[in-house]
Amino acid sequence: FWNRRLIKEIHARKQTENRLRTITENAPDFIAELDRNGEILFINRVDRGTIHDAIGADFRDRIPSEYHALLDEALETVFTEAELFEYEVQRYGADKKRRWYIAKLSPVIIENKVRSAILIATNITEYKRTRQSLYETEQQYRQLVKNANSIILRVNPDWRITFFNTFAQKFFGY
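Reading the values: the criteria
Residues numbered from 1 in each chain as written. Predicted model: local features only at pLDDT ≥ 70, side-chain atom pairs only at ≥ 80, totals over all residues. Heavy atoms only, no water. Helix = DSSP H or I, 4+ residues; strand = E, 2+ residues; numbered from the N terminus. Rg over C-alpha atoms; globule rule 2.2 N^0.38 Å. Buried < 20%, exposed > 50% of the residue type's maximum accessible area, 1.4 Å probe, protein only. Contact = heavy atoms within 4.5 Å. Areas by Shrake-Rupley, 256 points an atom, 1.4 Å probe, with all protein chains shown as cover. Polar contact = N/O pair within 3.5 Å; in protein donor to acceptor, adjacent residues only side chain to side chain. Core = buried A, V, L, I, M, F, W, Y, C linked by side-chain atoms within 4.5 Å. Pairing = 2+ DSSP bridges.

1. Quick word on the overall build of the chain
Working step 1: Across its full length, the chain carries 5 helices and 7 strands.
Working step 2: Helices and strands in the chain line up, N terminus first, as α-β-β-α-α-β-β-β-α-β-β-α.
Working step 3: The globule rule puts the C-alpha radius of gyration for 174 residues at 16 Å, and the 26 Å found for the chain is more than 25% above it.
Working step 4: Its C-alpha atoms put the chain at 90 × 45 × 35 Å along the principal axes.
Working step 5: For the chain, buried positions account for 26% of its 174 residues.
Working step 6: Put simply, of all contacts in the chain between residues at least 6 apart along the chain, 29% involve residues at least 24 apart.
Working step 7: Accessible surface, the chain: about 13000 Å² in total, of which carbon and sulfur atoms supply 53%.

2. Examining the environment of Asn26
Working step 1: Looking at where Asn26 falls in the secondary structure, it is placed in helix α1 (residues 2-26).
Working step 2: Distance in space between the C-alpha atoms of Asn26 and Tyr67 is 27 Å, their sequence separation being 41 residues.
Working step 3: A polar atom in the side chain of Asn26 sits 2.7 Å from the backbone oxygen of Thr22.

3. Section: the nonpolar core
Working step 1: The biggest cluster of nonpolar side chains holds 24 residues, and the ones touching the most others in it are Leu34, Leu71, Tyr87 and Leu105.
Working step 2: Going through the elements one at a time, β1 (30-34), β2 (40-43), α3 (68-81), β3 (85-92), β4 (98-110) and β5 (113-123) are the ones with two or more residues in this core.
Working step 3: The dominant element in this core, judged by the number of residues it contributes, is α3, at 5 residues.
Working step 4: Excluding residues that lie within four positions of it along the chain, Leu34 makes contacts with Glu39, Ile40, Leu41, Phe59, Leu71, Leu75, Phe79, Ser116, Ala117 and Leu119.

4. Quick look at the pairing of β2
Working step 1: The sheet contact formed by β1 and β2 spans 3 bridges and is antiparallel. Bridge pairing links Ala32 to Ile43 in β2.
Working step 2: As consecutive antiparallel partners, β1 and β2 are separated by 5 residues, and within that stretch Gly38 has a phi angle of approximately 95°, a positive value.

This is the structure we're talking about:
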């Protein structure tokens, strides 16, 4: 009876372990577990070298030096205050292309003590490019409207003017 129960429990744990391994290996994000000093205890993927070589290495070796102090601050916050720390970082991949990431460090708390930190880094490069493009388009639109040689007005449903461009101001004498 106890053997069957133990075998079932072992089987269930192996299934859970396999499921978690599949999730982390296929996650689009970088997932790492770091100790207080920034040593990599676990990492789900690397863009250079091997996972085996990354385990035990300093995570600072995987990010540009200008972000080392920020990582130190993040680790200090996570380990002393047990709080999430979030920041943006840019780095060059193995293909030499610049990429932006949002990095989130959160504490792993076991028996009321922070034992390690989980770092999840999500590639936000396309989001950044889209925002920049939107900003540039918006600036072009503003310049076009502001400098147009035509009256441009915006009115609300009550027909109150909520905006008029420079040409309209000059035309109406404002």
